[in-house]
Amino acid sequence: MKQLIIAILVCIAQPLYAQTENSTVSGLVKEEKTNLPAAYATVILKTERDSAFVMGTVSGEDGRFSLNEVHSGNYFLEIKSTGFVPKRVALTAGRLNHFLDMGTILLSENEQLLQEIVISGKADEVNAKMDKKTFDLGANLTQAGASALEAMKNLPGVTVQDGKLQLRGNDKVMVLIDGKQTALTGMGGQSGLDNIPASAIEKIEIINNPSARFDANGNAGIINIIYRKEKQEGFNGKLGFTGGLGALWVKKESYPGIRPQYTATPKLNPSLSLNYRKKKVNLFLQADNLYTKTLNKNEFTDRFYDNGDTIRQQTVRNRTTNIITGKAGLDWQAGERNTFNFSTLFSSEKILDRGDEPFFTADLSQQQRLWRFLEDELKTTVTLSSGWQHQFRQPGRKLSAGFNYTYHRENEQYFFTNILPAYTGLDSFKLISDEHVADLNLDYVQPLKYGRVEGGIKLRRRYIPVNMLFIPGLNSPLDTNAGGWANYGETIPAVYGNYILESKSFEVEAGLRVEYVSVQYDVNPGHNTYKSDGYHYTQPFPNMRLSYKLNERNRFSVFYNRRVDRPNEVDIRIFPKYDDAGIIKVGNPALRPQFTHVVELGYKTSRKDAYLYTSLYHRMMDATITRISSTVGGSPLIYNIFQNAGKSYSTGIEMLLSQRAGKWADFNLNLNAYQNIIEAFSVENLYPQRNTFSAARQELFSGNIKLNGLFHLPGRWDAQFSAVYQAPDIIPQGTIDARFSIDLGVRKPILKGKGELFANATDIANTLRIRRTIQGEGFRYVSTDYYETQVLRAGFTYKF
């Protein structure tokens, strides 16, 4: 496998498709002798190569001028005014800055003054700055009508495992919505991405090397989900509907004596987008309803114990979900220089899980136990956001402030039927969690002649009270003394500064973010194991990017970042979960943050119809956060508890190749190969009783390959395929086997381009399944999950 990936990497080392970005060039023209503004001076932009006219303008009464939509390249400005010597000023418009300030340009009355001022800049795109990739979800035909989680799994550099996104094989990802953290997608770790319909999303940004202006958490990087918002004048909108079926046939038959697996599962997704823009006011609404039935889990597990015992079990989880999501807001331009925006995001997710979990002897001749459960959960999220931005007279110079408040409630009820040969017990528990998060931020940007500076402050307060009530039945297996209440409190003030310096060939971006973090976790005194705990620290998080441009088509960049992953509230939550009666999951209040150093070398080369992006990266993690599986006191139960496992490393190479094959096709190939290492460690678990767990060093070479092809067919049809291969990889205490799937999609515009028909099929060969092998002290287990992966969808959209 290792030799195959390396061979493919060598074979594809050729140029790839390049993207362009526009900038605004501004400046101030003055008379050198009097220092007065030079009003109505002619400013003409010409190409450096052949002096071809590009665009022009005249300075205002205050001497200021501005040129918009300047593509990247080498130019010169020619400034003329009656009675003054014409002046020529060279500039390089790159991609780092959207606003390039030429500073003050002086016109001489009596002598010719030729002064070269070099301005370079670059927008945040993969072919330039190389720390961000931007993808239009509308171009992802194979996942149209799916959730955000499903739609993103085909993007370059992204994989999905256990319902979480991974960047370069790492799930420590910070997920934003329109540049802000919300409880809907997780304030610490990621969550809830399967709650967001892909139809509500305009584009996805993947940021592997965030600057200091972003929060420091998320060592793998940031995924920013940008909601749709129309920019046309007047009233307009978009209407859509998607329907589908999944689990069309049974991948693997169930063990006897349990309820049937879900088959022919329906998927329904109506959506509506409205926008009204008139002069300085813009009103918008995005609403979606995503209803699905899913075979969420169909896992067969064989547990082998050192004493010779073997337990074979199956977990079937039939899930019904209804998600209502809406975002509405107002953008108001109050005068020429001040903009206000207000928005609210609402989400209501209703989940019903009906599950059966039978336990058998090794030869399946005897059912020892049947554990049935019903989970009834309602998740409600409300986010209120407001912002203000002041644009100074100098283009690109701005001051902005924002306030963001999120409320997220989890109302969760589990009902269990514990069926054994001698008796049947009825158990249940109820959990309510209310999350409150308030963010206040102030940011400032100052363009410079050779770059820009930016800085700001942020204050976060987060509070989560949780209550758990266990209701035991006959001979209950529930740990009723592990319930009660627990309150999580988090306060984080932060300050940052970022400096960008550019020349014709070199770019430097250096930033520093300093965060003070105070976390307090209060536990009810009656808990049988855990006590109140907390931590606090003040830490710097620097970032650095050095870039050298060989020419317009070739560029190198070196990155350094220090990041942190703080335990989320659910990671330290003291209440055991019983959705799997054989593997009990519980948090750990003693869990501490994981700190990471990231070093990366990137190279980009491009030509007219292709681009190649290559990066070598190395991550060094300290106090690695992971789950530890162990048994206690001879019991067959496995306890899965979060711990800090010590040091771990990930070293790899990522390549993204995109090739346009004339007018009929586009191909995109993404390869990611890495070596993961988890050093030997020893930890002490407190639950359900004190025990020590030790693990030897783990090391494995892994990676993934992703190929996408988009074909432009006669009759204005588009067809797309996406193939994904994930190599075997290490997971805590074990390995996960290789996975492979192929998705297909088609679309056709109708109604003179206002409408669109589409259809797609995921995992067309029904080959995707998850097989894990876990080794613990005194046991090992092997599990294979034949969950629902094959889905057929069809739908339409209409713009008006």
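Note that the structure is predicted; figures quoted are calculated from it, not measured.

Visitor: Would you take a moment to explain the overall build of the chain for this structure?
Guide: Along the chain, the regular secondary structure elements total three helices and 45 strands. Pairs at least 24 residues apart make up 68% of the contacts formed inside the chain by residues separated by at least 6 positions. In the structure as shown, the chain presents an accessible area of about 32200 Å², 57% of it carried by carbon and sulfur atoms. Between the mean site of the 94 positive side-chain charges and the mean site of the 82 negative ones, the chain shows a separation of 4 Å.

Visitor: What exactly am I supposed to notice about the sheet that holds strand E6 (residues 73-80) here?
Guide: Strand pairing in a sheet takes place through backbone hydrogen bonds and is either antiparallel or parallel in direction. Taken together, the four strands give an open sheet; going across it, the order is E4-E3-E6-E7, and neighbouring strands pair in antiparallel fashion. Of all strands in the sheet, those with a lone pairing partner are strand E4 (53-58) and strand E7 (87-93), marking the two edges. Averaged over all neighbouring strand pairs, the angle between strand axes comes to 20°, with direction disregarded. As paired elements, E6 and E7 share seven bridges and run antiparallel to each other. Looking at the pairing, Gly 73 lines up with Ala 93 of E7.

Visitor: Explanation requested: the sheet that holds strand E9 (residues 132-136) in the structure shown.
Guide: Strand order in the open sheet formed by four strands is E9-E13-E14-E12, with mixed pairing between adjacent strands. Strands at the two margins of the open sheet, each flanked by one partner only, are E9 and strand E12 (173-177). This sheet shows a mean twist of 15° between the axes of neighbouring strands, independent of strand direction. With five bridges joining them, E12 and strand E14 (residues 221-227) adopt parallel strand pairing.

Visitor: Explanation requested: the environment of Leu 290 in the structure shown.
Guide: Secondary-structure assignment places Leu 290 in strand E17 (residues 281-305). Along the chain, Leu 290 and Thr 321 lie 31 residues apart, while their C-alpha atoms are 7.8 Å from each other. Leaving out residues up to four positions away in the same chain, Leu 290 has contacts with Gly 145, Ser 147, Asp 194, Pro 197, Leu 268, Asn 269, Thr 321, Asn 322 and Ile 323.

Visitor: Please clarify how the nonpolar core should be interpreted in this entry.
Guide: Considering soluble globular proteins, one finds that nonpolar side chains tend to be buried as a cluster. Core analysis: the largest hydrophobic core is formed by 51 residues, its most contacted members being Phe 416, Tyr 578 and Tyr 687. Ignoring any residue separated from it by four or fewer positions in sequence, one finds Tyr 687 in contact with Asp 479, Ala 482, Asn 528, Thr 529, Tyr 530, Pro 576, Tyr 578, Val 586, Tyr 639 and Ile 641.

Visitor: Got a minute to help me understand the environment of Arg 769 in this structure?
Guide: Within the fold, Arg 769 resides in the loop between strand E42 (755-762) and strand E43 (770-776). In this structure the side chain of Arg 769 is engaged in a polar contact, spanning 2.9 Å, whose partner is the backbone oxygen of Asn 766. A polar contact of 3.3 Å, which involves the side chain of Arg 769, links it to the backbone oxygen of Thr 767.

Visitor: Whenever I open this one, the pairing of strand E30 (residues 610-622) confuses me. Can you help?
Guide: Consecutive side chains along a regular strand alternate between the two faces of the sheet. With 13 bridges joining them, strand E29 (residues 594-607) and E30 adopt antiparallel strand pairing. Note on E30: the bridge partner recorded for His 597 is Met 620. Between the antiparallel neighbours E29 and E30 lie two residues. Across 12 bridges, E30 lies against strand E33 (residues 648-661) in antiparallel orientation. Bridge pairing in E33 links Tyr 611 to Ser 658.

Visitor: Can you walk me through a nonpolar patch on the surface in this structure?
Guide: Together, Phe 235, Leu 239, Phe 241, Leu 268, Leu 272, Tyr 276, Val 281, Leu 283, Trp 332, Leu 757, Phe 796 and Phe 800 line one region of the surface with nonpolar side chains, adding up to about 1000 Å² of accessible area. Every element with two or more residues in the nonpolar patch is listed here: strand E15 (234-246), strand E16 (265-278) and E17. Looking at the element boundaries, Leu 239 is found in strand E15. With relative accessibility at 38%, the residue Leu 239 sits in the partly exposed group.

Visitor: Quick question: what am I supposed to make of the pairing of E17 here?
Guide: By the bridge criterion, 10 bridges tie E16 to E17 in an arrangement that is antiparallel. Pairing of Leu 268 across the sheet is with Tyr 291, part of E17. In sequence, E16 turns back onto E17 through a hairpin of two residues, with Lys 279 there showing a positive phi of about 55°. The pairing of E17 with strand E18 (residues 310-334) spans 23 bridges and is antiparallel. When the sheet's bridge partners are listed, Glu 299 is paired in E18 with Thr 315. Turn length for the E17-E18 hairpin, with the two strands adjacent in sequence and antiparallel, is four residues, and the turn residue Gly 308 shows positive phi of about 100°. Bridge count for E17 against strand E44 (residues 779-785) is seven bridges, and the pairing is antiparallel. Bridge assignment links Asp 302 to a residue of E44, and that residue is Val 782.

Visitor: For this particular structure, what's the right way to read the environment of Gly 179?
Guide: Mapped onto the elements of the fold, Gly 179 is located in the loop between E12 and strand E13 (201-207). According to the relative accessible area criterion, Gly 179 is partly exposed, its value standing at 43%. It is 42 Å that separates the C-alpha atoms of Gly 179 and Thr 692, two residues lying 513 residues apart in sequence.

Visitor: Help me understand the packing of aromatic side chains in this model?
Guide: Geometrically, a pair of aromatic rings is defined through the distance of the ring centres and the angle of the planes. This model, assessed by the stated rule, comprises 26 aromatic pairs. When the ring of Phe 506 is compared with that of Tyr 548, the centres are 4.9 Å apart and the planes differ by 45°; the resulting orientation is tilted. Residue Phe 506 is located in strand E25 (residues 506-523), and its partner Tyr 548 is located in strand E26 (residues 533-551); the two are separated by 42 residues in the primary sequence. On the basis of an interplanar angle of 70° and a centroid distance of 5.6 Å, the ring pair of Tyr 537 and Phe 595 is categorised as edge-to-face. Of this pair, Tyr 537 sits in strand E26 while Phe 595 sits in strand E29, and the two are 58 residues apart along the sequence. Like Tyr 537, the residue Phe 595 is buried in the burial classification. Within the aromatic cluster, the residues linked to one another by ring pairs are Trp 371, Tyr 414, Phe 416, Phe 429, Phe 470 and Tyr 578. One cation-aromatic arrangement involves Arg 397 over Phe 392; the distance from NZ or CZ to the ring centre is 3.9 Å.

Visitor: Teacher, can you tell me more about unusual backbone geometry here?
Guide: A negative phi angle is the norm for most residues apart from glycine, just as the trans form is the norm for most peptide bonds. Backbone torsion omega between Tyr 687 and Pro 688 reads -5°, so that peptide bond is classified as cis. Looking at the element boundaries, Pro 688 is found in the loop between strand E35 (681-685) and strand E36 (691-695). Even without being glycine, Asn 475 reaches a positive phi, approximately 50°. Tracing the chain through its elements places Asn 475 in the loop between strand E23 (451-471) and strand E24 (484-502).

Visitor: I'm lost on the confidence of the model for the chain in this one. Help?
Guide: Predicted coordinates in regions of low pLDDT should not be interpreted in detail. Residues at a pLDDT of 70 or more form 93% of the chain, whose mean pLDDT is 88. In the predicted structure, residues 111-125 sits below a pLDDT of 50 and forms 73 contacts with residues beyond four places in sequence or in another chain.

Visitor: What is the right way to look at the pattern of salt bridges in this model?
Guide: Throughout the structure, instances matching the rule amount to 41 salt bridges. In this structure, Lys 46 engages Glu 78 in a salt bridge whose closest nitrogen and oxygen atoms are separated by 3.4 Å. In this pair, Lys 46 sits in strand E3 (residues 42-47) while Glu 78 sits in strand E6, placing the two residues 32 residues apart along the sequence. In this structure, Lys 46 and Glu 78 share a single accessibility class: buried. For Arg 168, the salt bridge identified is with Glu 600, shortest N-O distance 3.0 Å. Note that Arg 168 is positioned in the loop between strand E11 (164-167) and E12 and Glu 600 in strand E29, a separation of 432 residues in sequence. A residue is classified by how much of its surface remains accessible, and Arg 168, at 4% relative accessible area, is buried. In the salt-bridge network here, residues are joined through shared partners; they are Asp 215, Asp 439, Lys 458, Arg 460, Arg 513, Glu 515 and Arg 566.

Analysis parameters
Residues numbered from 1 in each chain as written. Predicted model: local features only at pLDDT ≥ 70, side-chain atom pairs only at ≥ 80, totals over all residues. Heavy atoms only, no water. Helix = DSSP H or I, 4+ residues; strand = E, 2+ residues; numbered from the N terminus. Contact = heavy atoms within 4.5 Å. Areas by Shrake-Rupley, 256 points an atom, 1.4 Å probe, with all protein chains shown as cover. Lys, Arg positive; Asp, Glu negative; His and termini not counted. Charge placed at Lys NZ, Arg CZ, Asp CG, Glu CD. Pairing = 2+ DSSP bridges. Axes fitted to C-alpha atoms, helices over the stretch in contact; angles between N-to-C directions. Core = buried A, V, L, I, M, F, W, Y, C linked by side-chain atoms within 4.5 Å. Buried < 20%, exposed > 50% of the residue type's maximum accessible area, 1.4 Å probe, protein only. Polar contact = N/O pair within 3.5 Å; in protein donor to acceptor, adjacent residues only side chain to side chain. Patch = residues over 30% accessible without salt bridge, like charges linked within 9 Å, V, L, I, M, F, W, Y side chains within 5 Å. Salt bridge = Lys/Arg side-chain N within 4 Å of Asp/Glu carboxyl O. Phe/Tyr/Trp six-rings, centres within 6.5 Å; stacked < 30°, edge-to-face > 60°. Lys NZ or Arg CZ within 6 Å of the ring centre and 35° of its normal. pLDDT = per-residue confidence, 0-100.

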